[in-house]
Amino acid sequence: MNNEKSADSSVKETLCVACDRNISTVFDRFEAMQPECGFGQLGVCCRNCVMGPCRIDPFGEGAKEGICGANADTIAARNLVRMIAGGAAAHSDHGRDVAHTLLATSEGKTEGYAIKGKEKLFDLAKELNIKTENRKIEEIAHDVAEKCFAEFGQQYGELQFTKRAPKKRQEIWRKNKLTPRGIDREVVEIMHRTHIGVDNDYENLIQQGMRASLSDGWGGSMIATDLQDILFGSPTPVRSVSNLGVLKEDEVNIIVHGHEPTLSDVIVTASQDKELLELAKSYGAKGINLAGICCTANEILMRRGIPIAGNFLQQELAIITGAVEVFITDVQCVMPSLGKIAGCFHTKVVSTSPKAKFPGVEHIEFSEEEALPIAKKIVRLAIENYKNRKKELVNIPKEKMELIAGFTSEYVFKMLGGKYRATYRPLNDAIISGRLRGAVGIVGCNNPKVKHDWAHIELTKELIKNDVLVVTTGCSAIASAKAGLLLPEAAKKYAGKGLQEICEAVGCPPVLHMGSCVDISRILTTLCNVITEGGLGEDISDLPVAAAAPEWMSEKAVSIGFYAVVSGIYTVLGLPLPVMGGKNLTEYLTNDIENTVGGKFAFEPDPLKAAKLIIEHLNKKRELLKLKPMMYIK
Ligand code: NFS
Ligand code: SF4
């Protein structure tokens, strides 16, 4: 079942081009790396001091302790929580940068931004106890930005947005000392505890990992989402197109790849600039075509309907189409190989973040203060590079697929409740009456260990077939988009009768695209709203919901998995966490942890088996809530 590299035929086609031209991609490098180090996979290799490196032999007669005496559980737990630190830091630093942009914009110090999400600004100001009467928008935005900024350096107390969680959930966190105090503090404490000779108790280490992960999901990521909605406007449903086929033969193609809409949003504006469009025409191009890869793509798709060229494993392939003039990167999930591959074509890769430079890549540093002029400079560079495109090297696959994206917790509210009675009632009622079994978030990356997109698509289809509403973000959302699952028509084709009825009544797809990975915070907010609406228990862990990351690979995904579990959500990973060498630790994460936080991990590579685990879980939760039997599919 896993012998092909991708479920996406455009990928197969472009890989043939790569092969013909002797260009090695992530897929080739993955093969060349086999066999991967087993100690690393099991999490039992330690480099935290220079008495080592040490490795534990989980099977044979080799060492059972590191030189300092650390056992397999300790080593694996230390490594794992360091992954959480990396992931939480990445998401949260993104949030910090958005807060910075909002602050600078409110002070009139930026060029290219406006405060577009006024309604969200007022809502958030109210939530944060910031006065709004008789004040200018800029003043309110300033105070909101400052208050969010303060969350990063806060030393005591509780993060503001943890108060969005149901009361019962907040109590569980408090009781177990899991409520994050400050975002940066929790990440730093992980680094301290995992230094040699500090925290050597795997449960205690995981406790800090849990707290740091919450500072991501209910902290940095939530700040990123909310402040981006204030700056760029909250998304509403929007039609667009996905896959490599969105690149155009007769236009200047620009790709944005990375994560932060502070850059990509102004690139959208620059690419629509009249003068630049004229310039493109004077170079013989019919227009300027902008497309995205990974999460920055999701950001500008959600808000501005910009097409998606592909997900994580397609970034190199976009260049191999030979049709990309400029490939702009910011931070996260950008492969260091891009510069080398671009060297085989006319494509210019341009890095923009002072935090992320790449070998062989031109750097044009981005700053919020001069965002628009810089964006225009980069677009101009692309236009000027159009003449260098070599026709004989252009191979744009035909595949593209329509999609609808742009769902938010606020919009779900309006969509289901109708114009006059905005409420979650119909959603709750659908679950209570057994028309809908529950809801599942399918998120996360691609990973060459799994046939590209295949696990996302199979799991998603199997769940909607069983009347489970799927919400999705990140590279998983892009996989679903390319497979046509983000269209209302997909309900008729793939969904069970109950879900079909709902989709038809509302006109929505059976799979709702809720944005980038930081926007998983939207899913958390939605769950809180469902609890508030009533009839489905008092806590997130009571709900018939689950999470899955069938093809995950990044540290961010580990942090997300943890904050899902610690929020009370059963979470099924397609690849195991690298902890299996620590038997007690593995048992803890896949079982005992549930007694404390109400959620736990399962590892299951087969998407159909994963679906089965999830459906059993939803059924169990339905039983505990004494809900009606499922209406159509038992
Ligand atoms: Ni999420 Fe988005 Fe994709 Fe994975 Fe990377 S882009 S932040 S980490 S690979 S889903
Ligand atoms: Fe080895 Fe302990 Fe040093 Fe890790 S911290 S490298 S297990 S001696």
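These numbers were taken from a predicted model, which means no experiment stands behind them.

**Regarding helix α19 (residues 474-482)**
Part 1 of the reasoning: Extensive coverage of α19 is indicated by the burial of nine of its nine residues.
Part 2 of the reasoning: Where α19 is concerned, the buried positions are G474, C475, S476, A477, I478, A479, S480, A481 and K482.
Part 3 of the reasoning: Phi for G484, located one or two positions after α19, is positive at around 80°.

**Brief notes about empty space enclosed by the protein**
Rolled over the atoms, a probe sized like a water molecule indicates the empty space that remains.
Part 1 of the reasoning: Tallied over the entire structure, the rule returns five cavities of 30 Å³ or more.
Part 2 of the reasoning: Roughly 470 Å³ of volume is contained in the largest cavity.
Part 3 of the reasoning: Taken together, 39 residues form the lining of the largest cavity, with V440, G441, V471, I523 and L527 sitting closest to its centre.
Part 4 of the reasoning: Mapped onto the lining of the largest cavity, the elements with two or more residues apiece are α16 (409-417), α17 (425-433), β11 (438-442), β12 (468-472), α22 (520-533), β14 (545-549), α23 (555-566) and β15 (570-573).
Part 5 of the reasoning: Ranked by the residues each element gives to the lining of the largest cavity, the list is headed by α22, at six residues.
Part 6 of the reasoning: Residue composition of the lining of the largest cavity, by class: 34 nonpolar, five polar and no charged.

**Points about the coordination of the nickel atom of ligand 1**
Part 1 of the reasoning: No other protein atom reaches the nickel atom of ligand 1 as a donor apart from C517 (SG), found 2.2 Å away.
Part 2 of the reasoning: Each of the four donor atoms around the nickel atom of ligand 1 contributes to a set of angles spanning 88 to 167°, which defines the coordination as irregular.
Part 3 of the reasoning: Position of C517 among the secondary structure elements: in the loop between β13 (511-513) and α22.

**Comments concerning the pairing of strand β5 (residues 288-293)**
Part 1 of the reasoning: A large share of β5 lies buried, amounting to six of its six residues.
Part 2 of the reasoning: With six bridges joining them, strand β4 (residues 252-257) and β5 adopt parallel strand pairing. When the bridges of β5 are listed, V256 appears paired with G292.
Part 3 of the reasoning: Sheet analysis places β5 next to strand β6 (residues 308-310), joined by two bridges and oriented parallel.

**Points about the environment of T423**
Part 1 of the reasoning: Within the element layout of this structure, T423 appears in the loop between α16 and α17.
Part 2 of the reasoning: With 199 residues separating them along the chain, T423 and A224 place their C-alpha atoms 25 Å apart.

**Description of the layout of surface pockets**
Part 1 of the reasoning: Taken as a whole, the largest pocket encloses approximately 1000 Å³ of empty space.
Part 2 of the reasoning: Elements with a contribution of two residues or more to the lining of the largest pocket: α2 (26-32), α3 (38-42), β1 (45-46) and α4 (72-106).
Part 3 of the reasoning: Grouping the amino acids of the lining of the largest pocket by side-chain chemistry returns 24 nonpolar, six polar and six charged.
Part 4 of the reasoning: Considering only enclosed or pocket space, the second largest pocket measures out at about 740 Å³ in volume.
Part 5 of the reasoning: Around the second largest pocket sit 31 residues that line it, and K120, D123, S409, E410 and T525 are the ones nearest its centre.

Cut-offs used in this document
- Sequence order sets the numbering: in each chain, residues are counted from 1 along the sequence as written.
- Lettering of chains starts at A and numbering of ligands starts at 1, both following the order in which they are written.
- Owing to the predicted nature of the model, reporting of local features is limited to residues with pLDDT of at least 70; listing and counting of side-chain atom pairs is limited to 80 or more, with chain, interface and lining totals taken over all residues.
- Only hydrogens and water are set aside when side-chain values are computed; all heavy atoms of the structure are taken into account.
- Burial classification: accessible surface area is computed with a 1.4 Å probe over protein chains only, and a residue below 20% of its type maximum counts as buried, one above 50% as exposed, and the rest as partly exposed.
- Per the convention used, a helix needs a DSSP run of H or I reaching at least four residues, while a strand needs a run of E reaching at least two, with both numbered from the N terminus.
- Using protein atoms alone on a 1 Å grid, points that fit a 1.4 Å probe yet trap it form a cavity, whereas open point sets bounded by protein on both sides within 12 Å along at least five of seven lines form a pocket; residues with an atom within 4 Å of a point count as lining.
- Grid points are joined across faces, edges and corners, and a volume is the space filled by probe spheres set on the points.
- Residues are grouped as follows: Ala, Val, Leu, Ile, Met, Phe, Trp, Tyr, Cys and Pro are nonpolar; Asp, Glu, Lys and Arg are charged; all remaining types, including Gly, are polar.
- As a rule, N, O and S atoms within 2.8 Å of a metal are its donors, except that Na, K and Ca use 3.2 Å; water is not among the atoms, so sites may look incomplete.
- Angular criteria define each label, namely tetrahedral for four donors with all angles between 85 and 135 degrees, square planar for four and octahedral for six donors with opposite donors over 155 degrees apart and remaining angles between 65 and 115, and irregular for whatever fails these tests.
- Pairs of strands are assigned from DSSP output, requiring at least two bridges between the strands.

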